[in-house]
Amino acid sequence: MSLQLRLFGGQSDKAKLAASNDGSHAIDKSKVLASTDTSVITPLNPGNFDSVRSVPVVPAPRYFTKEEADAMKSLAKDKTDGARQSKRAYKSLAHIEAADKTVHKEHRKYEGAVAENELGKKRADAGLAKKLHSMRPGYARLGLGIDLADSNARTRIDEIKAKLTGGSN
């Protein structure tokens, strides 16, 4: 152990190196880029491309009966209303997704501000630590000066005692 460590304490260089932040990180790219839900459409999960088909495709020209035409007219009315309601529902779902995105973005901005401010706080802490380290030699000089003054005073006191008592302690 060095003299400085014995006099002023502190960690060894090896311990300081182990305790310091060497610029490493724990940012996992796969977690950052992971979907927010397993069913979200992404280039890696393009969806299933299913569609809606309420009636089968008529493969060739044909005649329909009055009953078939009436049933299709009724079904068309139902499907038209269902399409209108589906359009409203999908529009609402899109608004909900947009709101979720806004909340998500704002939360990430907040987290960014927290991280940035934490770095600012750590910079201030590091600045203070550097300042305190730069003051250590001055404190050491003051301490040595006090020790020297104490030693000089004790020597002087011992000399005075010796004179007054005739040389015996």
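See the structure printed just above.
Along each chain, the written sequence defines residue order, and numbers are assigned to residues from 1. Where local features are concerned, this predicted model is filtered to residues with pLDDT of at least 70; where side-chain atom pairs are given and counted, the filter is 80 or more; whole-chain, interface and lining totals use all residues. No hydrogens and no water enter the side-chain calculation; it runs on all heavy atoms of the structure.

**A look at the overall build of the protein chain**
- From N to C terminus, the protein chain includes four helices and zero strands.
- Secondary structure of the protein chain in N-to-C order comes out as α-α-α-α.
- Each residue is placed in one exposure class: buried if its accessible area under a 1.4 Å probe, protein chains only, is under 20% of its type's maximum, exposed if it is over 50%, and partly exposed if it falls in between. A buried classification covers 1% of the 169 residues belonging to the protein chain.
- Note on areas: Shrake-Rupley, 1.4 Å probe, and residue coverage restricted to the protein chains presented here. In the form shown here, the protein chain has an accessible surface area of approximately 15,800 Å², with 60% of it arising from carbon and sulfur atoms. The way it works is that DSSP assigns letters per residue, a run of H or I at least four long becomes a helix, a run of E at least two long becomes a strand, and they are numbered from the N terminus.

**What to know about the pattern of salt bridges**
- Salt bridge criterion: a side-chain nitrogen from Lys or Arg within 4 Å of a carboxyl oxygen from Asp or Glu. Evaluation of the coordinates by the stated rule reveals eight salt bridges.
- Between Glu106 and Lys109 there is a salt bridge, and its shortest N-O distance comes to 3.2 Å. A residue pair is termed a helical-turn pair when its members lie 3 or 4 positions apart in one helix, as Glu106 and Lys109 do in helix 4 (residues 66-165) at three residues.
- Note on Glu106: relative accessible area 41%, which makes it partly exposed.
- Take Lys109: its relative accessible area is 51%, and that puts it in the exposed class.
- Linking Arg154 and Asp150 is a salt bridge whose minimum nitrogen-to-oxygen distance equals 3.3 Å. Separated by four residues within a single helix, Arg154 and Asp150 lie in helix 4, roughly one turn from each other.

**Quick notes on a nonpolar patch on the surface**
- Residues Leu128, Leu132, Met135, Tyr139 and Leu142 make up a contiguous nonpolar surface patch of roughly 530 Å² in combined accessible area.
- If you trace the backbone, Met135 turns up in helix 4.
- According to the relative accessible area criterion, Met135 is partly exposed, its value standing at 32%. For patches, a residue must show more than 30% relative accessible area and have no salt bridge; joins then use 9 Å for like charges and 5 Å for nonpolar side chains, namely Val, Leu, Ile, Met, Phe, Trp and Tyr.

**Let's talk about unusual backbone geometry**
- Even without a glycine there, the phi angle at Phe49 is positive, about 55°.
- Secondary-structure assignment places Phe49 in the loop between helix 3 (29-32) and helix 4.
- For Phe49, a relative accessible area of 71% puts it in the exposed group.

**Re helix 4**
- Helices are assigned an expected span. That span is 1.5 Å times one less than the residue count. When the terminal C-alpha atoms of helix 4 are compared, their 141 Å separation across 100 residues agrees well with the 148 Å that a helix rising 1.5 Å per residue should span.
- One fitted axis covers the seven residues ending at a residue, a second covers the seven starting there, and the bend at that residue is the angle between these axes. Arg136 marks where helix 4 bends most, by close to 30°; the proline Pro137 follows one to four residues later.
- With its phi angle positive at about 80°, Gly166 sits one or two positions after the end of helix 4.

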